[in-house]
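One-letter residues, chain by chain:
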Amino acid sequence: MAEKDIFPIFHKLLDRSQKEALLKQKGIVIWMTGLPASGKTTFAVALEKALHEKGLLCTVLDGDNMRSGINNNLNFSEEGRKENIRRVAEVSKLFLQCGVITINSFVSPTEELRNLAKSIIGEKDFKLVYVNTPIEVCETRDSKGLYAKARRGEIKDFTGVNASFETPISADLEIKTPEHSFEENLKMIVEFVLPKIKL
């Protein structure tokens, strides 16, 4: 099928504003970035629960979950990582159009990848949260043993060991995890999100 044979029907669908009015919330994408084992997914899951308890509709997109399903045909090459983030951003955009608060947990180690996601989702709806955890702390938390495998050379291009992580230039929120308790950090994230999802 050629590109000229594709006929999107987005213009026939209900407006995002109608869905947001039904849900009594604004859709937004919270994109959590940080080193492996920095706590991104733990915060994402806790944030979903905290917002759910306030009557808000959320979903969490996590790197491992996405790679076990829709992205299970992608490798960890530069091209594979880029396509992984592109697909995640496109899925996030679909949730966004339904007024759903989408909480994403992805290493997304470069400015290029984060900017790709932002360009697809839209700058106004994309909020970058940098979970800033020192690599020494990440390694002690690594229940999967991935850092150890990377240091033994069993995993190539592992972020933080043999692949670099670019510190975000302009994160909307930075959580320096060692400086506060988990509960205090979570409270900061919740308080950051709530004003942005009110109609």
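Below is a summary of the structure that appears in this document.

Definitions and cut-offs
- Residues numbered from 1 in each chain as written.
- Predicted model: local features only at pLDDT ≥ 70, side-chain atom pairs only at ≥ 80, totals over all residues.
- Heavy atoms only, no water.
- Helix = DSSP H or I, 4+ residues; strand = E, 2+ residues; numbered from the N terminus.
- Buried < 20%, exposed > 50% of the residue type's maximum accessible area, 1.4 Å probe, protein only.
- Lys, Arg positive; Asp, Glu negative; His and termini not counted.
- Salt bridge = Lys/Arg side-chain N within 4 Å of Asp/Glu carboxyl O.
- Polar contact = N/O pair within 3.5 Å; in protein donor to acceptor, adjacent residues only side chain to side chain.
- Contact = heavy atoms within 4.5 Å.
- Patch = residues over 30% accessible without salt bridge, like charges linked within 9 Å, V, L, I, M, F, W, Y side chains within 5 Å.
- Areas by Shrake-Rupley, 256 points an atom, 1.4 Å probe, with all protein chains shown as cover.
- Core = buried A, V, L, I, M, F, W, Y, C linked by side-chain atoms within 4.5 Å.
- Expected span 1.5 Å × (residues − 1).
- Arc of directions from axis to C-beta.
- Pairing = 2+ DSSP bridges.

1. Examining the side chain of Lys40
Here is step 1 of the chain: Along the chain, Lys40 turns up in helix α2 (residues 40-52).
Here is step 2 of the chain: As a buried residue without a salt bridge, Lys40 has its nearest oppositely charged side chain in Asp62, at a separation of 7.4 Å.
Here is step 3 of the chain: Of the polar contacts made by the side chain of Lys40, one reaches the backbone oxygen of Gly34; its length is 3.3 Å.
Here is step 4 of the chain: Non-local contacts of Lys40, meaning those with residues more than four positions away in its chain, are made with Met32, Thr33, Gly34, Leu35, Ser105, Phe106, Val107 and Val131.

2. Digging into a nonpolar patch on the surface
Here is step 1 of the chain: The grouping of Phe10, Leu13 and Leu94 at the surface amounts to a nonpolar patch, some 330 Å² of accessible area in total.
Here is step 2 of the chain: Counting through the fold element by element, Leu94 comes out in helix α4 (residues 78-97).
Here is step 3 of the chain: Judged by its relative accessible area of 52%, Leu94 is exposed.

3. Section: the nonpolar core
Here is step 1 of the chain: Core analysis: the biggest nonpolar cluster contains 24 residues, and Met32, Leu47, Leu51 and Ile103 have the highest contact counts within it.
Here is step 2 of the chain: With six residues, α2 is the single largest residue contributor to this core.

4. Points about helix α8 (residues 182-193)
Here is step 1 of the chain: In this model, α8 (twelve residues) spans 17 Å end to end at C-alpha, consistent with the 16 Å of a helix rising 1.5 Å per residue.
Here is step 2 of the chain: Residues of α8 that are buried: Asn185, Leu186, Ile189, Val190, Phe192 and Val193. Mapping the buried residues of α8 onto a view down its axis gives an arc of 160 degrees, with all of them on the same face. Exposed positions of α8 whose direction lies more than 90 degrees from the buried face are Glu183 and Lys187.

5. Observations regarding the pattern of salt bridges
Here is step 1 of the chain: Under the criterion given, the structure shown has eleven salt bridges.
Here is step 2 of the chain: Residue Asp125 pairs with Arg16 through a salt bridge whose shortest N-O separation is 3.0 Å. Within this pair, whereas Asp125 is found in the loop between α5 (111-121) and β4 (126-132), its partner Arg16 is found in helix α1 (residues 16-23), the two being separated by 109 residues in sequence. With respect to burial, Asp125 and Arg16 carry one shared label: buried.
Here is step 3 of the chain: A salt bridge links Lys144 to Asp64, with the nearest nitrogen and oxygen atoms 2.6 Å apart. Taken together, the residues Lys144 in the loop between α6 (135-141) and α7 (146-151) and Asp64 in helix α3 (residues 63-67) connect sequence positions 80 residues apart.
Here is step 4 of the chain: The exposure class of Asp64 is partly exposed, given its relative accessible area of 47%.
Here is step 5 of the chain: It is possible to trace a salt-bridge network through shared partners that takes in Arg16, Glu20, Lys124 and Asp125.

6. Focus: the pairing of strand β3 (residues 101-105)
Here is step 1 of the chain: Extensive coverage of β3 is indicated by the burial of five of its five residues.
Here is step 2 of the chain: Side chains of β3 alternate between two faces, with Ile101, Ile103 and Ser105 and Thr102 and Asn104 buried alike.
Here is step 3 of the chain: The pairing of strand β1 (residues 28-33) with β3 spans five bridges and is parallel. By the bridge assignment, Ile30 is partnered in β3 with Ile103.
Here is step 4 of the chain: By the bridge criterion, five bridges tie strand β2 (residues 58-62) to β3 in an arrangement that is parallel.

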